[in-house]
Amino acid sequence: MFTFVQLTHFVAVAEELHFGRAAERLRMTQPPLSRQIQLLEKEVGAELFDRSNRTVRLTRAGRAFLVDARRLLQQAERAALAVRRVSEGTGGVLRVGFTGASVHSGLPLVLDAARERLPDVDVELRELVTMDQVEALSEGSLDLGLVRPPIARPDLALRPFVREGLVLALPAGHPLAESGEPVPLRALHGVEMVMHAPVEARYFHQLVTSVLHDAAVVPLVTQYMTQVHSLLALVNLGWGVALVPESATGMRFDNVVYRELPEVAARVELDLVWRQGSENPALARLLAELGDDTFPVSIHT
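What you see as residue numbers is a count from 1 along each chain, following the sequence as written. Residue-level local features of this predicted model are given only where pLDDT is at least 70; pairs of side-chain atoms are given and counted only at 80 or more, and the full residue set underlies all totals for whole chains, interfaces and linings. Values shown for side chains rest on all heavy atoms present in the structure; no hydrogens or waters enter the calculation.

**Student:** So what about the overall build of the chain? Which residues, and what values?
**Tutor:** On a plain count of helices and strands, the chain comes out with nine helices and 13 strands. A globule of 301 residues ought to have a C-alpha radius of gyration of about 19 Å, yet the chain, at 31 Å, is considerably larger. The C-alpha extent of the chain, read off along each of the three principal axes, is 100 × 40 × 30 Å. For every residue, the accessible area obtained with a 1.4 Å probe (protein chains only) is divided by the maximum for its type, and the residue is called buried under 20%, exposed over 50%, and partly exposed between those limits. In the chain, which comprises 301 residues, the proportion classed as buried is 43%. In the chain, 74% of the contacts between residues at least 6 apart in sequence involve partners at least 24 apart. Per the convention used, a helix needs a DSSP run of H or I reaching at least four residues, while a strand needs a run of E reaching at least two, with both numbered from the N terminus. In this treatment the radius of gyration is a C-alpha quantity, and the globule benchmark scales as 2.2 Å times the residue count to the 0.38 power. Two residues qualify as a contact provided that any one of their heavy atoms is within 4.5 Å of a heavy atom in the partner residue.

Next comes the structure, spelled out in C-alpha cells:
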C-alpha cells in the first residue's frame, strides 16, 4: 500500500509538473523523488505521469488520482490537528452536568468560558439533580458537574463557584406583592408556600427550612417540588409563595413577581465538582479558565 509520503511527493510533482522544481519544494534530490513516484505507480497499477518529450503531464489516471490524494492528505492533516487539540485540551469532548436552577447562574459562565477559550471542544450537556450528577461523575460518564453542597466523596474534587441570595417569588395578585417593597420574613408566617422536596432537593429544603426556623416563621406548605422551575410554575398558578435563588428571577412567568428579603443573610451555593485524577485535558483547561474565584450573581427583581 502507498504511503502518505508518496502521496505528498505525487501532489508536489502534479502541481509543479516538473521533477526538479518538485524536488526543491520537498527539499530532496530528484532521483529518490522519481523512485517514490515509480513505487507509487506500481502500487496503484497505473502510470500517473506522461514523461514523453521532456515534459511532465498528468495522465487521465493521474488527474483522477490527484483529487483523492489531496483529499486523503487533508483528512490526515485534520486528524493530526484533532489529536493535538485533544492532547492540549483545546479539542475533544467535555460532558457537563447541571441542575435546573443553574441554567440562570453558573451554567452560562461555564458555557461562555468554553465558547470563548475552547471553541474546538464539543460540550455535551445533561440536566441532572445533584445526587445523579455525583454518581455520573464517579462512574466516568460526566467530566464536570454543577452541584449543590455538601459533597463528601474522596473520589471527587470540588470548588465553590457561585454564591447568591434568596428572593421571594409570589403570585402577582398576592397581598405581599402589592407594595413592590422588600418583604420582611415574619410576614410569611402562616402564608401558603410551595416548598423544596426534602429528599430530591435536600440542599434547598434544608437551607429554606433553616432560614424560616431561625425567624420563627411557620408557613402553610401546599406542595413539595424537586426543581426550582416547578416551584415557580406552581407560584404562577397561585398555589403559594416560594423562596428561590435570586438567579431564578431570570425565569419569567406571567403571574410571578419577585421581592427581596433584606433580613435573610443565607447564601445559595453552587459548586464545580469533577473526578479526582481526570485525564480529560479539556477539563483542566476549562477549570483554569474559570479560575479560583466565586462569581456573584446580580439580582433582577
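**Student:** Which residues make up the environment of E77, and what values do they have?
**Tutor:** Examined against the element boundaries, E77 turns out to sit in helix α4 (residues 60-88). The exposed category is assigned to E77, whose relative accessible area is 58%.

**Student:** So what about helix α1 (residues 4-16)? Which residues, and what values?
**Tutor:** Take the residue count of a helix, subtract one, and multiply by 1.5 Å to get its expected span. Between its first and last C-alpha, α1 extends 18 Å over 13 residues, near the 18 Å set by a 1.5 Å rise per residue. If you check which residues of α1 are buried, you get Q6, L7, H9, F10, V11, A12, V13 and A14. Downstream of α1 by a residue or two, L17 has a phi angle that is positive, lying close to 50 degrees.

**Student:** Kindly report on the packing of aromatic side chains, identifying the contributing residues and their values.
**Tutor:** Pairing of aromatic side chains here covers Phe, Tyr and the six-membered ring of Trp, requires ring centres within 6.5 Å, and sorts the geometry by plane angle: under 30 degrees stacked, over 60 edge-to-face, intermediate tilted. The tally for this structure, following the rule as stated, stands at five aromatic pairs. Centroid distance F10 to F49: 5.4 Å. Interplanar angle 55 degrees. Geometry classified as tilted. Placement of the pair is F10 in helix α1 and F49 in strand β1 (residues 49-50), with a sequence separation of 39 residues. Taken individually, F10 and F49 each receive the classification buried, so the pair is uniform in this respect. Note on F19 and F49: the rings are 6.1 Å apart at their centroids and 65 degrees apart in plane angle, and the pair reads as edge-to-face.

**Student:** So, the packing of α1 against helix α3 (residues 30-44): which residues are in play, and what are the values?
**Tutor:** Note on definitions: angles span 0 to 180 degrees between N-to-C directions of axes, and those axes are lines fitted to C-alpha atoms, for helices only across the stretch in contact. The N-to-C vectors of α1 and α3 enclose an angle of 110 degrees; their axes lie 9 Å apart at closest approach. On the basis of the axis angle, α1 is roughly perpendicular to α3. Contacts from Q6, H9, F10 and V13 of α1 reach α3 at L33, Q36, I37, L39 and L40. Of the residues in the contact of α1 with α3, the class split is six nonpolar, three polar and no charged. Note that the term roughly parallel is reserved for angles under 35 degrees, roughly antiparallel for angles over 145, roughly perpendicular for angles of 65 to 115, and oblique for everything else. Residues were grouped as follows: Ala, Val, Leu, Ile, Met, Phe, Trp, Tyr, Cys and Pro as nonpolar; Asp, Glu, Lys and Arg as charged; and all remaining residues, including Gly, as polar.

Remember that the coordinates give geometry; whether it matters functionally is a separate question.
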